[in-house]
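Inside the fold
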Amino acid sequence: MPAVDEGVLTLSVAVRVSPEPAGIELLKTYRTALNYALNRILSLNLRTIKDVHRTLYRELIEWFGLPSRVAVDCYRDALANANAWRRNPSRGKRPRVKRLSMLLHQGSGYRVKDGYVEIIGGVRLKVIGWDRRYDSYPSGEARLTYKGGKMVLWVSKRIPKPESYTPRDVIGVDVNEEKIVYGDEVINEEKSTGISRAERFKVLAELLQKKYSSPRYPAWKRRRGILNRIRAFHEKARNILVDNARKVAHEIVMTAKRLGYAVAREDLTGLRNR
């Protein structure tokens, strides 16, 4: 498969599955093995997939009990994380994976059958929700994630790129702090950015931090309930901004597609200096 194909788009399809205890335990084991492999790759300065396989394959199977295909995906995942850290010019201390996330190879690593996601090693997860719009396209590698009590299998798909067209006109988009304005000589639409709604939850998080803090001891860092509440406020604020941006962007694109227009966005590069 070529690394870059200008005629193909890559997207991830979300498959919501039941968070079975066996699946959560496998994710935790994978995370432990991934951090071990990541540390070994950096300590031994391993660069190629051949060297990584020779060093880690047996250890991941025998020490962590990973199935053979999961062990291969684990050290591939670790090598990708190590190379990303090496390429970062401002890298700090060694990376450590904290999220529960597992790379899976299609076919030998996972398969979707009869309403279940079957993972090598005997783990079966019931499919709860599935975006079926792209079922006609072949599935590639996937990533199983678990966060906030929700388990999702993100399946990669490669679909043909839509045919380009010569636009009849242009829709201009102006992004400001409080609103997004788009249109032309006839169309003039204003949409909120969601900043004001998100800011309320940021303020609530800051008030909690201030309430449970003192000059000598930030108690909110040690009280799990308060810390989780603060995190929930920050996550809510982020979700508001992301959801609003996606909805407005979709609306602009669909309007341009319906009218046969192109989309022009203001170039903000160097705005502060200008």
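Any aromatic ring pair is given by two values, namely how distant the centres are and how the planes are angled relative to each other. If you walk through the whole model with that rule in mind, you get three aromatic pairs. Here the aromatic rings of F201 and F233 are separated by 6.3 Å at their centres, their planes lie at 40°, and the arrangement is tilted. With a gap of 32 residues between them, F201 in helix α4 (residues 195-211) and F233 in helix α5 (residues 224-259) connect regions that are remote in the sequence. Relative accessible area serves as the criterion here: at 22%, F201 is assigned to the partly exposed category. Take F233: its relative accessible area is 10%, and that puts it in the buried class. In textbook terms, an aromatic cluster arises when at least three aromatic residues are bridged by ring pairs, as seen for Y36, W63 and F64. Sitting over the face of the ring of Y116, R124 holds its NZ or CZ atom 4.1 Å from the ring centroid. Sitting above the plane of the W130 ring, R132 keeps its charged end 4.0 Å from the centroid.

Here A14 lies in strand β1 (residues 8-17). Between the C-alpha atoms of A14 and E190, which are 176 residues apart in sequence, the distance is 31 Å. Sequence-distant contacts of A14, defined by excluding residues within four places in its chain, comprise G129, W130, D131, V152, L153 and W154.

What follows deals with the sheet that holds strand β8 (residues 169-175). Hydrogen bonds between backbone atoms are what pair the strands of a sheet, whose relative direction is either parallel or antiparallel. Pairing in this open sheet of four strands is mixed, and the strands run β10-β9-β8-β11 from one edge to the other. With one partner strand each, in any of the chains shown, β10 (188-192) and β11 (261-265) form the two edges of the open sheet. Between one strand axis and the next, the sheet turns through 20° on average, direction left out of account. Here β8 pairs with strand β9 (residues 179-183) via four bridges, running antiparallel. Looking at β9, one finds that D174 is bridged to V181.

This brings us to unusual backbone geometry. With a phi close to 55°, N45 is a non-glycine residue in the positive phi region. Mapped onto the secondary structure, N45 falls in the loop between α1 (21-44) and α2 (49-64). We classify N45 as partly exposed; its relative accessible area is 44%.

Further remarks concern a positive patch on the surface. Taken together, R99, K147, R238 and R246 make up a surface patch of like positive charges. Summarising the element assignment, R99 is placed in the loop between α3 (68-87) and β2 (100-104). On the basis of relative accessibility, which here comes to 65%, the residue R99 falls in the exposed class.

Glancing now at a negative patch on the surface. A contiguous patch of negative charge on the surface is contributed by E177, E178, E199 and E206. Position of E177 among the secondary structure elements: in the loop between β8 and β9.

The seven strands lie next to each other as β2-β6-β7-β1-β5-β4-β3, forming an open sheet whose pairing is antiparallel. Each of the sheet's edge strands pairs with one partner strand only, and the pair in question is β2 and β3 (110-113). Neighbour-to-neighbour, the strand axes of the sheet open up by a mean angle of 35°, direction not taken into account. Pairing of β1 with strand β7 (residues 150-160), which is carried by ten bridges, proceeds in the antiparallel orientation. The residue bridging T10 from the neighbouring strand is R158, located in β7. Seen against the sheet, α1 touches β2, β4 (116-119), β5 (123-130), β6 (139-147) and β7 and runs at an angle of roughly 85° to β2. α3 rests against β2 and β6 of the sheet, and its axis sits at about 115° to β2.

Basis of the calculations
Residues numbered from 1 in each chain as written. Predicted model: local features only at pLDDT ≥ 70, side-chain atom pairs only at ≥ 80, totals over all residues. Heavy atoms only, no water. Phe/Tyr/Trp six-rings, centres within 6.5 Å; stacked < 30°, edge-to-face > 60°. Helix = DSSP H or I, 4+ residues; strand = E, 2+ residues; numbered from the N terminus. Buried < 20%, exposed > 50% of the residue type's maximum accessible area, 1.4 Å probe, protein only. Lys NZ or Arg CZ within 6 Å of the ring centre and 35° of its normal. Contact = heavy atoms within 4.5 Å. Pairing = 2+ DSSP bridges. Axes fitted to C-alpha atoms, helices over the stretch in contact; angles between N-to-C directions. Patch = residues over 30% accessible without salt bridge, like charges linked within 9 Å, V, L, I, M, F, W, Y side chains within 5 Å. Areas by Shrake-Rupley, 256 points an atom, 1.4 Å probe, with all protein chains shown as cover. Salt bridge = Lys/Arg side-chain N within 4 Å of Asp/Glu carboxyl O. Lys, Arg positive; Asp, Glu negative; His and termini not counted. Charge placed at Lys NZ, Arg CZ, Asp CG, Glu CD.

So yeah, pure geometry; function would need other evidence.
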